[in-house]
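Here's the letter readout for the chains.
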Amino acid sequence: MKTVQINNITVGGGKGLFVLAGPCVIEDYDRTLAIGKRAKEICERVGVPYIFKASFDKANRSSFNSFRGPGLEEGLKILASIKKELNVPVVSDIHSIEQIEPAAEVLDILQIPAFLCRQTDLVYGAAKTGKCVNVKKGQFMAPKDMENVLNKMKETGNENLMLTERGFSFGYNNLVVDMRSFPIMRSFGYPVIFDATHSVQLPGGAGTKSSGNREFVPNLARAAVASGVDGLFFEVHDNPEEALSDGPNMLYLDQFEALLRDLVAIDKIVKG
């Protein structure tokens, strides 16, 4: 298993868990920063490396009228400020090749959304920056097929690559997680992350927006860690009911620490 370097954080290689966590989308600066600050404090108490996540643009919302975030320019300014304030690496989604260069100036991890994981120019261009790239497995992709995505990026010579499982489409408006995905994708030699909150999403399940079953987040997260994942991805919020995107599948910050302690304990057993 290769290790991946994200600033001063080394992940993979059989090391302990690391966490990517934050709100789904940048709502406003103060609230986004406050969520990141609490998430960082929790991770520090539990003893896991922390990476802040938030989207500057939710380009795949169900409805044209849904909140998308501040956009590329303003969003990157906010992420740069949060990165400096919290002194942590930051990750956000990119959606087009035009976003790669400006995003790479701020982000420590360029993240490829699941719907775009087969877009050759996007994944290749992201890897060509030399930055760490995290690709979310498409809801329509078999785990084995993600090796092709890795190979596209490896053509650039970049080895700072990661894959994320976020559920597989199972009928209409439903996702399931196949636990076989984790050993299959880890066999490619790169760190694998479990997106515990998007995996309980019900895509389009509320008509003009997605719904979700956050009550299953702890169950799936524990099972994924027991299956040997390297990292965990959580969307967290102080009050998901007020969130402007993905509220039904986001985890309450008040529940985050207890779950994380469980996961670290399981990880220590699994990795010996």
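What you see is a predicted model, and the numbers here were worked out from it, not measured in a lab.

In this section: the overall build of the chain. The helix and strand tally for the chain stands at 8 helices and 15 strands. In terms of overall dimensions, the chain is globule-like: its C-alpha atoms have a radius of gyration of 17 Å, near the 19 Å expected for 272 residues. C-alpha extents for the chain along the principal axes are approximately 40 × 40 × 40 Å. Every one of the 272 residues in the chain was classed for burial, and the buried ones make up 54%. Long-range pairs, those at least 24 residues apart, make up 69% of the contacts in the chain with a sequence separation of at least 6. Put simply, the chain shows about 11,400 Å² of open surface, and 48% of that area lies on carbon and sulfur atoms.

Mapped onto this structure's residue numbering, the UniProt feature "domain: DAHP synthetase I/KDSA" (unreviewed entry) falls at residues 8–266. Secondary structure content for residues 8–266 is 34% helix and 20% strand, while the C-alpha to C-alpha distance between its ends is 25 Å.

For the rest of this paragraph, the subject is the side chain of N158. Along the chain, N158 falls in the loop between α5 (146–154) and β8 (161–165). You can call N158 buried: its relative accessible area is 6%. A polar atom in the side chain of N158 sits 2.9 Å from the backbone oxygen of A127. Residue contacts for N158: discarding those within four places in its chain leaves A127, G130, K131, V133 and M153.

The buried fraction of strand β14 (residues 231–237) amounts to 7 of the 7 residues, a majority that puts the element mostly inside the structure. Of the two faces of β14, both are covered, the one formed by G231, F233, E235 and H237 as well as the one formed by L232, F234 and V236. Both strand β3 (residues 18–22) and β14 contribute to a ladder of 5 bridges, which runs parallel. In the strand pairing of β14, F18 is matched with G231. When strand β11 (residues 192–195) meets β14, the two strands line up parallel, connected through 3 bridges. Paired with D195 across the strands is F233, a residue of β14.

The subject of this paragraph is a nonpolar patch on the surface. Together, F168, F170 and V176 make up a nonpolar patch on the protein surface, roughly 270 Å² of accessible area in all. Within the element layout of this structure, F168 appears in strand β9 (residues 168–169).

Here the focus is helix α3 (residues 97–104). Among all positions of α3, only Q99, I100, A103 and A104 are buried. Projected down its long axis, α3 carries its buried residues within an arc of 120°, all on one side. In α3, the exposed residues that point more than 90 degrees away from the buried face are E98 and E101. As for α3, its buried residues are in contact with α2 (72–86), β6 (109–112) and α4 (120–128).

As a further point, take the nonpolar core. Counting 68 residues, the largest nonpolar core has F234, F256 and L260 as its most contacted members. Ignoring sequence-local partners within four residues, the contact set of F256 consists of V19, A21, A39, I42, C43, F234, V236 and L251. In this structure, I9, V91, M162 and F233 belong to the second largest nonpolar core, which totals 13 residues.

What counts as what
Residues numbered from 1 in each chain as written. Predicted model: local features only at pLDDT ≥ 70, side-chain atom pairs only at ≥ 80, totals over all residues. Heavy atoms only, no water. Helix = DSSP H or I, 4+ residues; strand = E, 2+ residues; numbered from the N terminus. Rg over C-alpha atoms; globule rule 2.2 N^0.38 Å. Buried < 20%, exposed > 50% of the residue type's maximum accessible area, 1.4 Å probe, protein only. Contact = heavy atoms within 4.5 Å. Areas by Shrake-Rupley, 256 points an atom, 1.4 Å probe, with all protein chains shown as cover. UniProt positions renumbered as here; feature names shortened; annotations may be inferred. Polar contact = N/O pair within 3.5 Å; in protein donor to acceptor, adjacent residues only side chain to side chain. Pairing = 2+ DSSP bridges. Patch = residues over 30% accessible without salt bridge, like charges linked within 9 Å, V, L, I, M, F, W, Y side chains within 5 Å. Salt bridge = Lys/Arg side-chain N within 4 Å of Asp/Glu carboxyl O. Arc of directions from axis to C-beta. Core = buried A, V, L, I, M, F, W, Y, C linked by side-chain atoms within 4.5 Å.

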